[in-house]
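Here's the letter readout for the chains.
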Amino acid sequence: MNLHCSQSQLYQHVGSRQETRREWLQRALAAALIAPAAARVPTFANSTNGRSQRTKWSMPGLYPGRVVSVFDPRSIVNGRYQREPVRAMMRRGMTELTGAPDWVAAWQSFFQPGEVVGIKLNPVSLPYVISAPEVVQEIIAGVEAAGIQRKDIVVYDRYKTQFLQAGFDKWLPEGVRFSWATDYDDPTQQRIDGYDPDHWMDMQLTLPGFDFNNERARRSYAAVYITRQVDKLVNLCLLKHHQSAGITGALKNLSHGLVNNVNRSHSSPMLNACGSFIPAAVSIPVIRDKSVLHICDAVQGLSHGGPILREESRKFIWEPKRMYFATDPVAIDKIGWEELDRKRLAMGMKPLAEAPMDNFSHFVRMQPEHVEIAGALGLGVAERSKIDLREIQLA
């Protein structure tokens, strides 16, 4: 049985396994990527803990570097998703990603009867740029087509309050379950009710005023949802700007949606560590191994002013009318980053990596380089020349 183990043990024997040359090179490359930015991006020693079975679906998954983009101009009309075009986009995207003969076979290549399948949503940019029922219901249809019963499909977001405010519970098909990690108010985010004490990422970073010797202050624990409640996860992300991370895509939907104690990653406009925090959190073995499919809903997008959408930021909503599909979260985020930058440049704005703070984005410098660092850590393919982008236009 091939298991992920703690990164803090990389120089030691792990069971009968030592660090391979490739793993050593990935760590070295990650350090090299981080080092040139050390003067402006805080970097921190980190380790992960938790045993998880490595499978062929583990990141970067069945198709490293492959990203499918499906465009349909009919997918949204007057701000409303159109069910049939969205269904066609989803089914074509899944068959193109997998090479399967039909959409049912595509979903069957990921899931088998008897498994419990999770779907990670995103409610943060309420009420406009959030997970759409037309997309989620088609994912559920695909999982069902693979032989998964509705009682074994569990839709999730981290906060109960946001999940219910988004109305996700109101349009889920009957029999589909839903879950969350946090149903309490904890400004420090260091309570671990709903989180697993055996699966964590330890980073030498705390909220200001907390002691490094306090394990809960410097660790982020994985939600019980991902460690115990589901066998595999479909990660449904959105194409959005984020003031500290630059882009909220597949990686950040996992890093800030499946662990606690995330405020320390962006606790002030100057104390921003998303560049390091995001790839470290996604490297928690159980997250890396169970997140097998990434779908980015870019029918609508948010080019600036994210992630929490204020009324004055609505002008940054636009309609790419696309959906992206990948097993590789790094590659899909790299393509999403390009899409955001194209829109920003068309609006006369600077690209994410160069943009200064303004009235809509309050961090001194965004850190989209978390995508590159995640690639260096082996979570996927970040080098653009090695990404196989397959673009399809419907209608």
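See the structure shown above.
Analysis parameters
- Residues numbered from 1 in each chain as written.
- Predicted model: local features only at pLDDT ≥ 70, side-chain atom pairs only at ≥ 80, totals over all residues.
- Heavy atoms only, no water.
- Buried < 20%, exposed > 50% of the residue type's maximum accessible area, 1.4 Å probe, protein only.
- Helix = DSSP H or I, 4+ residues; strand = E, 2+ residues; numbered from the N terminus.
- Pairing = 2+ DSSP bridges.
- Contact = heavy atoms within 4.5 Å.
- 1 Å grid on protein atoms, 1.4 Å probe; cavity = no way out; pocket = protein on both sides within 12 Å on 5 of 7 lines; lining within 4 Å.
- Points joined across faces, edges and corners; volume = space filled by probe spheres on them.
- Nonpolar A, V, L, I, M, F, W, Y, C, P; charged D, E, K, R; others polar.

With 5 of its 5 residues buried, strand S16 (residues 322-326) lies for the most part within the structure. Residues of S16 alternate between two faces, with Arg-322, Tyr-324 and Ala-326 on one and Met-323 and Phe-325 on the opposite face, all of them buried. In this sheet, S16 lies alongside strand S4 (residues 66-71) in antiparallel orientation, the contact comprising 4 bridges. Counterpart to Phe-71 in the pairing with S16 is Arg-322. As judged from the 5 bridges shared by strand S14 (residues 291-302) and S16, these two strands associate in the antiparallel manner. Paired with Ala-298 across the strands is Arg-322, a residue of S16.

What follows covers the side chain of Ser-303. One can find Ser-303 in the loop between S14 and strand S15 (317-318). Ignoring any residue separated from it by four or fewer positions in sequence, one finds Ser-303 in contact with His-241, Phe-316, Trp-318, Leu-340, Lys-343, Arg-344 and Met-347.

This paragraph deals with the layout of surface pockets. Roughly 630 Å³ of internal volume is contained in the second largest pocket. Surrounding the second largest pocket, 26 residues form its lining, Val-124, Gln-162, Lys-252, Pro-307 and Ile-308 being those nearest its centre. Elements represented by at least two residues in the lining of the second largest pocket include exactly helix H5 (160-165) and helix H9 (250-255). In terms of residue class, the lining of the second largest pocket is built from 9 nonpolar, 13 polar and 4 charged.

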